[in-house]
Amino acid sequence: MRLYRSTLTLRSASASAWQADMLFGHLCWSLVRREGEQYLSDSFLSQYRQGNPPVLMSDGFPTGFLPRPRAAARDGSHERLAKSERVRRYRESKDGANARWLSLDEFNRACRGQFVLAAQQPQTAVRIVSKNQIDRITNTAGGASGELYDFEEFCLDAVDVYWRIADGCEPLVRDFLSDLQSTGYGKRKSVGYGDVASFTLEPFNGFGELPAANGFVTLSNFVPAQSDPINGAWTTTVKYGKLSEDLGHSGLPFKRPMVQLAAGSCFYDSPIRDCYGRLVANVADDSRVVQYGFAFAVPMQLPE
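Residues numbered from 1 in each chain as written. Predicted model: local features only at pLDDT ≥ 70, side-chain atom pairs only at ≥ 80, totals over all residues. Heavy atoms only, no water.

**Some words on the packing of aromatic side chains**
The condition that has to hold: Only the six-membered ring of Trp is used, alongside the rings of Phe and Tyr, when aromatic pairs are assigned; centres must lie within 6.5 Å, and planes under 30 degrees apart are stacked while those over 60 apart are edge-to-face, with the rest tilted. Working definition: helices are DSSP H or I runs of at least four residues, strands are E runs of at least two. Numbering for both runs from the N terminus. For the exposure calls, accessible area comes from a 1.4 Å probe over protein chains only, and a residue counts as buried if that area is under 20% of its type's maximum, exposed if over 50%, partly exposed in between. To sit over a ring, a charge needs its Lys NZ or Arg CZ within 6 Å of the ring centre and within 35 degrees of the ring normal.
Per the stated rule, a full pass over the model turns up 18 aromatic pairs. On the numbers, 5.2 Å between centres and 70° between planes, the contact of Tyr-162 with Phe-204 is edge-to-face. Placement of the pair is Tyr-162 in strand S8 (residues 158-165) and Phe-204 in the loop between strand S10 (202-203) and strand S11 (215-218), with a sequence separation of 42 residues. By relative accessible area, which is 11% here, Phe-204 ends up buried. A centroid spacing of 5.4 Å and a plane angle of 35° characterise the contact between Tyr-162 and Phe-207, whose relative ring orientation is tilted. Placement of Tyr-162 in strand S8 and of Phe-207 in the loop between S10 and S11 is noted, with a sequence separation of 45 residues between them. Take Tyr-162 and Phe-207: they sit in the same class, and that class is buried. Taken together, the aromatic side chains of Phe-24, Phe-44, Tyr-48, Tyr-292 and Phe-294 make up a single cluster linked through ring pairs. It is Arg-164 that lies over the ring of Phe-296; its NZ or CZ is 4.6 Å from the centre.

The structure is reproduced here in structure tokens:
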């Protein structure tokens, strides 16, 4: 599989976080519209069920940044200093060591087992806005049920998405990105959220070779398969998914909650495999619905 990177320039805020499983859902609906449901199930998803995915994708990140690996190397340069000096330097480096994001160069150094302090953080803007709840009886924003509620918006100028694409599947991904530009991303795209102004899809070799890798860091939330490694450092998140497009109008549009390992989680493994995670079934009452749960694994030299 070949490695690619997309940069999606945005015209508006998004009402959904940029996550691999939601991008995959958009990809599936794009294939249904272009090729039909039978092609999606029999030709495309069947490869994921067999553990041989033709397209893997990362979460979407603030452009130029990547998530900090959870198993980062510790700074050992303070060990011989006096206690007061160690405390002072620790306080100076605490914020940088706990930063959520790393630049590409910092990420690569962390993957090589080096201690890294983040020089800066992206101008991420997750903001909470107040919106009017519509009274369904009077169809107005006033009345007994017309109250304000908090709504989360993700405000980024652009996001980076990384891809691993099997030979011959690049046109499929390029067509999908074109569809995404036409339809928008995430919930409330029909009212202008997630508006994609432009996109790129270019080969990427920025991670470099790492012969000493003894594990990996994931660039996407994922659900481990039974054969996946369990020794590492990770954090979890709970996904409360919802059916979209035609299926979103069903009587029960909500998916079952799902625990995922979050992007930035690290696991020991050698040799590094191309594929970790799995396609998750039984996430909704409709048996056709599946959830993307694959890791986008980048080799890493984890601490001994």
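**A look at the environment of Leu-23**
Our working definition: Contacts are assigned to residue pairs that have any heavy atoms within 4.5 Å of one another.
By secondary structure assignment, the location of Leu-23 is in helix H1 (residues 20-35). Residues Leu-23 and Gly-186 lie 163 residues apart in sequence; the distance between their C-alpha atoms is 8.4 Å. In contact with Leu-23, not counting residues within four places along its chain, are Trp-18, Met-57, Ser-58, Val-161, Phe-176, Leu-180 and Tyr-185.

**A closer look at the nonpolar core**
Selection rule: Put simply, buried Ala, Val, Leu, Ile, Met, Phe, Trp, Tyr and Cys residues joined by side-chain atoms within 4.5 Å make one nonpolar core.
Core analysis: the biggest nonpolar cluster contains 61 residues, and Phe-24, Phe-44, Met-57, Phe-107, Trp-163, Phe-207 and Leu-219 have the highest contact counts within it. Of the residues forming this core, the biggest block, six residues, is contributed by H1.

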